[in-house]
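Structural features, examined
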Amino acid sequence: MNFARSVKILSALALLALHTPADAEWKGKGELGIVFANGNTDTETLNAKIEMATELDRWKHGFSLAGLKASSNNLTTAQRYAAGWQSDFKLTERSYWFGALRYEDDRFSGFDYQASASTGYGYKLIDTETTKLSAQAGVGYRKLKDALTGATSGDAILRGDIGFEHLLTSTTKLLDKLVVESGSDNTFAGNDLALEVKMSDALALAVGVGVRYNTDPPVGLKKTDTLTTVNLVYAF
C-alpha cells in the first residue's frame, strides 16, 4: 500500500474544497470510532470519516475522506484510505449533471489502488423532509493496480449510484449509499448502511455495516469484505 500516494490524493481533494468561492458555506459531519481490547489478544481498530458539501447558485460540490486501520497482536489486519469528490450542476429542481472522482487504497482488497473519474446524469426520485432517494448513472475511466504483481490497467466503466435517507423518528435516521463501477477488468460495488441516533443538535451515535465487493480480485483473495462500525458523529 502506497501511503504517499494516498496523501497526495487526499491533499488534491482538500485543495479543490479550498478553491471553491469564498462565500460558499460548507456543511457536513465527521465520524470517529475507536476500539481497544487487551488481554489474551491485543486488538486496536480506528476508523474515521468526514463528509462536506456546499451549494452555490446551480452548483453543488461535495467531498468525502475516510480511513480505517485495524491490528491484532501488532499485526495489521485492515488498512484502507478512500476519498471522493463530486460536483453537480442543477438542470431542474430534481435533475442534475454530475462529475465525480473516486479513489480507494485498500491494502487487503488485492488492489493497491482503484481510481476513477466519471460523469453522468442524476435524478432525485424522492425529495421530502422525511425521505430522500436519488439515483445516478454515467460513464468514466478507471485505473487499477494489482497489489500482488504490481501490474496496472485501465478501462472504461459504467457507474451507478443510489443514495437513500429516511427519518424513522425525529431523532433516528436510516442512511444507505450504493456505488457500482463496472468495467472489463473488474466490477466494484460498495454499500454503506447506517443507523444514526441523535443525542443532541450536533452529536449522534451511528451503527453501520459497510460491504466492498470485487468480481475479479487477485488470485487467493476473497471477493467480499465486510466492516461493522459504531461511531460518534459530529455535525457542523
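Below you will find a few notes about this structure. Keep in mind the model is a prediction, meaning the values are calculated, not measured.

Cut-offs used in this document
- Residues numbered from 1 in each chain as written.
- Predicted model: local features only at pLDDT ≥ 70, side-chain atom pairs only at ≥ 80, totals over all residues.
- Heavy atoms only, no water.
- Helix = DSSP H or I, 4+ residues; strand = E, 2+ residues; numbered from the N terminus.
- Buried < 20%, exposed > 50% of the residue type's maximum accessible area, 1.4 Å probe, protein only.
- Contact = heavy atoms within 4.5 Å.
- 1 Å grid on protein atoms, 1.4 Å probe; cavity = no way out; pocket = protein on both sides within 12 Å on 5 of 7 lines; lining within 4 Å.
- Points joined across faces, edges and corners; volume = space filled by probe spheres on them.
- Nonpolar A, V, L, I, M, F, W, Y, C, P; charged D, E, K, R; others polar.
- Salt bridge = Lys/Arg side-chain N within 4 Å of Asp/Glu carboxyl O.
- Phe/Tyr/Trp six-rings, centres within 6.5 Å; stacked < 30°, edge-to-face > 60°.
- Patch = residues over 30% accessible without salt bridge, like charges linked within 9 Å, V, L, I, M, F, W, Y side chains within 5 Å.
- Areas by Shrake-Rupley, 256 points an atom, 1.4 Å probe, with all protein chains shown as cover.
- Pairing = 2+ DSSP bridges.

**As for the overall build of the protein**
- A count of helical and extended segments in the protein gives 1 helix and 12 strands.
- For the protein, the N- to C-terminal ordering of α and β elements is α-β-β-β-β-β-β-β-β-β-β-β-β.
- Among the 236 residues that make up the protein, the fraction classed as buried is 36%.
- Taking the contacts inside the protein whose residues are at least 6 apart along the sequence as the reference set, 50% of them involve residues at least 24 apart.

**Here's the deal with the layout of surface pockets**
- A volume near 280 Å³ is recorded for the second largest pocket.
- Every residue lining the second largest pocket is counted, 19 residues in all, and those nearest its centre are L68, A70, A78, T226 and L227.
- Residue assignment for the lining of the second largest pocket shows that the elements contributing at least two residues are β1 (27-37), β2 (43-56), β3 (59-72), β4 (75-90) and β12 (224-235).
- No other element matches the 7 residues that β12 contributes to the lining of the second largest pocket.
- Residues of the lining of the second largest pocket, tallied by class, amount to 7 nonpolar, 9 polar and 3 charged.

**A closer look at the pattern of salt bridges**
- For the structure shown, the criterion picks out 13 salt bridges.
- Between R80 and D106 there is a salt bridge, with the nearest N and O atoms lying 3.2 Å from each other. Taken together, the residues R80 in strand β4 and D106 in strand β5 (residues 95-106) connect sequence positions 26 residues apart.
- Note on R80: relative accessible area 14%, which makes it buried.

**With respect to the packing of aromatic side chains**
- Evaluation of the coordinates by the stated rule reveals 6 aromatic pairs.
- Each ring, one from W26 and one from F63, has its centre 5.7 Å from the other, and the planes form 70 degrees; the classification is edge-to-face. Note that W26 is positioned in the loop between α1 (3-18) and β1 and F63 in strand β3, a separation of 37 residues in sequence. Assigned by exposure class, W26 and F63 land together as buried.

**With respect to a nonpolar patch on the surface**
- Together, M199, L203, L205, V207, V230, L232, Y234 and F236 line one region of the surface with nonpolar side chains, adding up to about 720 Å² of accessible area.
- Those elements giving two or more residues to the nonpolar patch turn out to be β11 (203-214) and β12.
- Structurally, L205 can be placed in strand β11.

**Quick look at unusual backbone geometry**
- Look at D57: it is not a glycine, yet its phi comes out positive at around 55 degrees.
- Following the sequence through the fold, D57 ends up in the loop between β2 and β3.

**Section: the pairing of β3**
- Direction of pairing for β2 relative to β3: antiparallel, over a ladder of 14 bridges. For M52, the partnering residue across the bridge sits in β3 and is F63.
- The antiparallel pairing of β2 with β3 creates a hairpin that spans 2 residues between the two strands, and D57 there sits at a positive phi of about 55 degrees.
- Where β3 folds back on β4, the antiparallel hairpin that results is connected by 2 residues, among which N73 adopts a positive phi of roughly 50 degrees.

**Remarks on the environment of K29**
- Mapped onto the elements of the fold, K29 is located in strand β1.
- Not counting residues within four places of it along the chain, the set of residues in contact with K29 comprises K49, I50, E51, L175, E196, V233, Y234, A235 and F236.

**A closer look at the environment of R58**
- If you trace the backbone, R58 turns up in the loop between β2 and β3.
- A relative accessible area of 44% places R58 in the partly exposed class.
- Beyond its immediate stretch of four places on either side in the chain, R58 contacts D88, F89, K90 and L91.

**Some remarks on the environment of T228**
- Relative to the helices and strands, T228 is located in strand β12.
- Given a relative accessible area of 57%, T228 falls into the exposed group.
- As a C-alpha pair, T228 and L193 span 35 residues in sequence and 9.6 Å in three-dimensional space.
- Not counting residues within four places of it along the chain, the set of residues in contact with T228 comprises G208 and V209.

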